[in-house]
Amino acid sequence: MEKIRIKYFTDKIEKLTYIDGKSDWIDLRASEEVEMKAGEFKLIPLGVAMELPKGYEAHIMPRSSSYKNFGIIQANSCGIVDGSYCGDNDMWRLPAIAMRDTVIHVNDRIAQFRIVENQPQIHFEEVESLGNQDRGGFGSTGIQ
Ligand SMILES: O=c1ccn([C@H]2C[C@H](O)[C@@H](COP(=O)(O)OP(=O)(O)OP(=O)(O)O)O2)c(=O)[nH]1
(Lines give C-alpha, C1' and ligand atoms only; values in the text may rest on other atoms or scores of the structure.)
Protein backbone atom coordinates (compact mmCIF):
# COMPACT_ATOMS: atom_id res chain seq x y z
CA MET A 1 0.00 0.00 0.00
CA GLU A 2 1.28 3.47 -0.92
CA LYS A 3 0.24 6.82 0.54
CA ILE A 4 -0.62 9.95 -1.47
CA ARG A 5 -0.85 13.24 0.43
CA ILE A 6 -3.66 15.22 -1.18
CA LYS A 7 -4.85 18.81 -0.92
CA TYR A 8 -8.36 19.76 -2.09
CA PHE A 9 -9.01 23.26 -3.45
CA THR A 10 -12.77 22.97 -2.90
CA ASP A 11 -15.25 21.00 -0.84
CA LYS A 12 -17.62 20.86 -3.83
CA ILE A 13 -16.06 17.69 -5.27
CA GLU A 14 -16.17 14.24 -3.74
CA LYS A 15 -12.94 12.98 -2.24
CA LEU A 16 -10.79 10.78 -4.45
CA THR A 17 -11.16 7.09 -3.73
CA TYR A 18 -9.23 4.00 -4.66
CA ILE A 19 -11.76 1.32 -5.59
CA ASP A 20 -10.51 -2.24 -5.40
CA GLY A 21 -11.76 -4.81 -7.88
CA LYS A 22 -13.35 -3.06 -10.87
CA SER A 23 -10.58 -0.76 -12.07
CA ASP A 24 -7.73 0.50 -9.96
CA TRP A 25 -7.52 3.75 -11.96
CA ILE A 26 -8.77 6.66 -9.84
CA ASP A 27 -11.38 9.02 -11.25
CA LEU A 28 -10.73 12.76 -11.35
CA ARG A 29 -13.48 15.36 -11.10
CA ALA A 30 -13.95 18.84 -12.51
CA SER A 31 -13.77 21.34 -9.66
CA GLU A 32 -15.46 24.23 -11.50
CA GLU A 33 -18.26 24.53 -14.01
CA VAL A 34 -16.70 24.95 -17.45
CA GLU A 35 -18.64 25.94 -20.54
CA MET A 36 -16.98 25.25 -23.88
CA LYS A 37 -17.89 26.01 -27.47
CA ALA A 38 -17.11 23.53 -30.24
CA GLY A 39 -13.41 23.79 -31.12
CA GLU A 40 -12.48 25.61 -27.93
CA PHE A 41 -9.52 24.65 -25.72
CA LYS A 42 -9.56 25.01 -21.94
CA LEU A 43 -7.57 23.80 -18.97
CA ILE A 44 -10.24 22.24 -16.76
CA PRO A 45 -9.34 22.47 -13.07
CA LEU A 46 -9.35 19.13 -11.26
CA GLY A 47 -9.32 20.68 -7.77
CA VAL A 48 -6.50 18.61 -6.28
CA ALA A 49 -2.76 18.83 -5.66
CA MET A 50 -0.82 15.80 -4.53
CA GLU A 51 2.48 14.62 -3.19
CA LEU A 52 3.08 11.30 -4.90
CA PRO A 53 5.09 8.51 -3.27
CA LYS A 54 8.83 8.91 -3.85
CA GLY A 55 9.92 7.51 -7.23
CA TYR A 56 6.48 7.72 -8.86
CA GLU A 57 4.78 9.88 -11.49
CA ALA A 58 1.09 9.95 -12.39
CA HIS A 59 -0.53 9.40 -15.78
CA ILE A 60 -3.86 11.12 -16.49
CA MET A 61 -5.98 9.56 -19.25
CA PRO A 62 -9.52 10.05 -20.48
CA ARG A 63 -12.22 7.72 -19.15
CA SER A 64 -13.64 5.57 -21.92
CA SER A 65 -16.93 7.48 -21.50
CA SER A 66 -15.39 10.97 -21.37
CA TYR A 67 -15.98 11.76 -25.02
CA LYS A 68 -19.50 10.30 -25.10
CA ASN A 69 -20.55 12.12 -21.94
CA PHE A 70 -18.81 15.47 -22.31
CA GLY A 71 -17.76 15.85 -25.98
CA ILE A 72 -14.15 16.61 -25.00
CA ILE A 73 -10.87 15.03 -26.03
CA GLN A 74 -7.72 15.28 -23.94
CA ALA A 75 -5.40 17.63 -25.82
CA ASN A 76 -2.19 15.99 -24.59
CA SER A 77 -3.55 12.43 -25.04
CA CYS A 78 -1.87 11.40 -21.79
CA GLY A 79 -1.09 13.87 -19.00
CA ILE A 80 2.12 13.28 -17.10
CA VAL A 81 2.33 14.60 -13.56
CA ASP A 82 5.91 14.69 -12.31
CA GLY A 83 6.64 13.87 -8.69
CA SER A 84 8.05 17.38 -8.34
CA TYR A 85 4.62 18.85 -9.16
CA CYS A 86 3.71 18.83 -5.49
CA GLY A 87 3.52 22.45 -4.32
CA ASP A 88 0.50 24.01 -2.66
CA ASN A 89 -0.52 25.68 -5.92
CA ASP A 90 0.29 22.75 -8.22
CA MET A 91 -3.32 21.93 -8.99
CA TRP A 92 -3.92 19.17 -11.52
CA ARG A 93 -5.67 20.30 -14.69
CA LEU A 94 -7.06 18.61 -17.76
CA PRO A 95 -6.19 20.22 -21.12
CA ALA A 96 -9.36 19.65 -23.12
CA ILE A 97 -10.66 20.38 -26.62
CA ALA A 98 -14.43 20.51 -27.06
CA MET A 99 -15.70 18.83 -30.23
CA ARG A 100 -19.21 20.19 -29.62
CA ASP A 101 -20.76 22.87 -27.39
CA THR A 102 -20.68 21.40 -23.89
CA VAL A 103 -20.92 22.19 -20.19
CA ILE A 104 -18.80 20.34 -17.65
CA HIS A 105 -20.36 20.52 -14.20
CA VAL A 106 -18.65 20.58 -10.83
CA ASN A 107 -17.96 17.04 -9.60
CA ASP A 108 -18.28 15.46 -13.07
CA ARG A 109 -15.80 12.57 -13.41
CA ILE A 110 -13.97 13.63 -16.56
CA ALA A 111 -10.67 11.71 -16.39
CA GLN A 112 -8.76 9.06 -14.49
CA PHE A 113 -5.20 8.51 -13.28
CA ARG A 114 -2.80 5.94 -11.94
CA ILE A 115 0.70 6.22 -10.54
CA VAL A 116 3.65 4.69 -12.35
CA GLU A 117 7.20 4.10 -11.19
CA ASN A 118 9.76 6.47 -12.69
CA GLN A 119 11.89 4.95 -15.41
CA PRO A 120 15.52 4.13 -14.53
CA GLN A 121 18.19 6.72 -15.24
CA ILE A 122 19.30 6.49 -18.85
CA HIS A 123 22.68 7.07 -20.46
CA PHE A 124 22.72 7.39 -24.29
CA GLU A 125 25.68 5.61 -25.91
CA GLU A 126 26.11 6.83 -29.52
CA VAL A 127 27.03 4.15 -32.11
CA GLU A 128 27.57 4.08 -35.93
CA SER A 129 25.59 0.84 -36.30
CA LEU A 130 23.29 -0.98 -33.92
CA GLY A 131 24.31 -4.34 -35.45
CA ASN A 132 20.77 -5.76 -35.37
CA GLN A 133 18.39 -6.96 -38.10
CA ASP A 134 15.76 -4.41 -39.20
CA ARG A 135 12.28 -5.29 -38.06
CA GLY A 136 10.42 -2.88 -40.41
CA GLY A 137 7.45 -0.99 -39.07
CA PHE A 138 4.56 1.32 -39.84
CA GLY A 139 2.43 -1.42 -41.38
CA SER A 140 5.25 -3.60 -42.77
CA THR A 141 3.41 -6.76 -41.62
CA GLY A 142 0.35 -5.90 -43.73
CA ILE A 143 -3.31 -5.48 -42.85
CA GLN A 144 -4.68 -8.98 -42.27
O1 LIG B 1 -2.51 16.80 -18.17
C2 LIG B 1 -1.70 17.34 -17.41
C3 LIG B 1 -0.32 17.35 -17.68
C4 LIG B 1 0.53 18.00 -16.79
N5 LIG B 1 0.02 18.61 -15.66
C6 LIG B 1 0.92 19.28 -14.72
C7 LIG B 1 1.75 18.28 -13.95
C8 LIG B 1 3.09 18.31 -14.61
O9 LIG B 1 4.12 17.97 -13.72
C10 LIG B 1 3.16 19.75 -15.09
C11 LIG B 1 4.06 19.95 -16.27
O12 LIG B 1 3.73 19.01 -17.24
P13 LIG B 1 4.71 18.68 -18.45
O14 LIG B 1 6.12 18.67 -17.99
O15 LIG B 1 4.17 17.50 -19.18
O16 LIG B 1 4.41 19.99 -19.32
P17 LIG B 1 5.33 20.94 -20.15
O18 LIG B 1 4.49 21.42 -21.24
O19 LIG B 1 6.63 20.25 -20.50
O20 LIG B 1 5.54 22.11 -19.11
P21 LIG B 1 6.72 22.47 -18.09
O22 LIG B 1 7.54 23.47 -18.83
O23 LIG B 1 6.00 23.05 -16.90
O24 LIG B 1 7.44 21.19 -17.76
O25 LIG B 1 1.83 20.10 -15.45
C26 LIG B 1 -1.34 18.59 -15.39
O27 LIG B 1 -1.81 19.13 -14.39
N28 LIG B 1 -2.15 17.97 -16.28
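Residues numbered from 1 in each chain as written. Predicted model: local features only at pLDDT ≥ 70, side-chain atom pairs only at ≥ 80, totals over all residues. Heavy atoms only, no water.

### Examining the pattern of salt bridges
For the structure shown, the criterion picks out seven salt bridges. Put simply, Asp 27 and Arg 63 hold a salt bridge, and the shortest N to O gap is 3.6 Å. Placement of the pair is Asp 27 in strand β2 (residues 26-29) and Arg 63 in the loop between β6 (56-62) and α1 (66-70), with a sequence separation of 36 residues. On the basis of relative accessible area, Arg 63 is assigned to the buried category, the value being 19%. Here Arg 109 makes a salt bridge to Asp 27, at a shortest N to O gap of 2.7 Å. Here Asp 27 lies in strand β2 and Arg 109 lies in strand β11 (residues 109-117), a separation of 82 residues in the sequence. Classification of Arg 109 by relative accessible area gives partly exposed; the value is 34%. Beyond isolated ion pairs, a larger network of salt bridges with shared partners links Asp 27, Arg 63 and Arg 109. (Salt bridge = Lys/Arg side-chain N within 4 Å of Asp/Glu carboxyl O. Helix = DSSP H or I, 4+ residues; strand = E, 2+ residues; numbered from the N terminus. Buried < 20%, exposed > 50% of the residue type's maximum accessible area, 1.4 Å probe, protein only.)

### A closer look at the packing of aromatic side chains
All told, the structure shown has one aromatic pair when counted by the stated rule. On the numbers, 4.9 Å between centres and 80° between planes, the contact of Trp 92 with Phe 113 is edge-to-face. Of this pair, Trp 92 sits in the loop between β8 (79-81) and β9 (93-98) while Phe 113 sits in strand β11, and the two are 21 residues apart along the sequence. Classification of Trp 92 as buried rests on a relative accessible area of 1%. (Phe/Tyr/Trp six-rings, centres within 6.5 Å; stacked < 30°, edge-to-face > 60°.)

### Section: the site of the ligand
The environment of the ligand is formed by Ile 60, Asn 76, Gly 79, Ile 80, Val 81, Asp 82, Tyr 85, Trp 92, Arg 93 and Pro 95. Contact distances for the ligand include 2.9 Å between an oxygen atom and a side-chain N or O atom of Asn 76. In this structure, an oxygen atom belonging to the ligand sits 2.8 Å away from a side-chain N or O atom of Asp 82. Against a free-state accessible area of 570 Å², the protein chains account for coverage of 49% of the ligand. (Near = heavy atom within 4 Å. Polar contact = N/O pair within 3.5 Å; in protein donor to acceptor, adjacent residues only side chain to side chain. Areas by Shrake-Rupley, 256 points an atom, 1.4 Å probe, with all protein chains shown as cover.)

### Focus: unusual backbone geometry
Working note: non-glycine residues mostly have negative phi, and peptide bonds are mostly trans. Backbone geometry places Asn 107, a non-glycine residue, at a positive phi of 80°. Positionally, Asn 107 belongs in the loop between β10 (102-104) and β11. Even without glycine at this site, Phe 138 takes up a positive phi of about 50°. Note on placement: Phe 138 falls in the segment after β11.

### Overview of the nonpolar core
Core analysis: the largest hydrophobic core is formed by 27 residues, its most contacted members being Leu 28, Ile 44, Ile 60, Ile 72, Trp 92, Ile 110 and Phe 113. Elements supplying a minimum of two residues to this core: β2, β3 (34-36), β5 (48-51), β6, β9 and β11. (Core = buried A, V, L, I, M, F, W, Y, C linked by side-chain atoms within 4.5 Å.)

### Considerations on the side chain of Arg 29
Structurally, the position occupied by Arg 29 is in strand β2. At 3.5 Å, the side chain of Arg 29 and the side chain of Glu 14 are in polar contact. Excluding anything up to four places from it in sequence, Arg 29 contacts Ile 13, Glu 14, Pro 45, Leu 46, Asn 107, Asp 108 and Arg 109. (Contact = heavy atoms within 4.5 Å.)

### Some remarks on a nonpolar patch on the surface
Taken together, the side chains of Tyr 67, Ile 73 and Met 99 make up a nonpolar region of the molecular surface, amounting to roughly 290 Å² of accessible area. Positionally, Tyr 67 belongs in helix α1. (Patch = residues over 30% accessible without salt bridge, like charges linked within 9 Å, V, L, I, M, F, W, Y side chains within 5 Å.)

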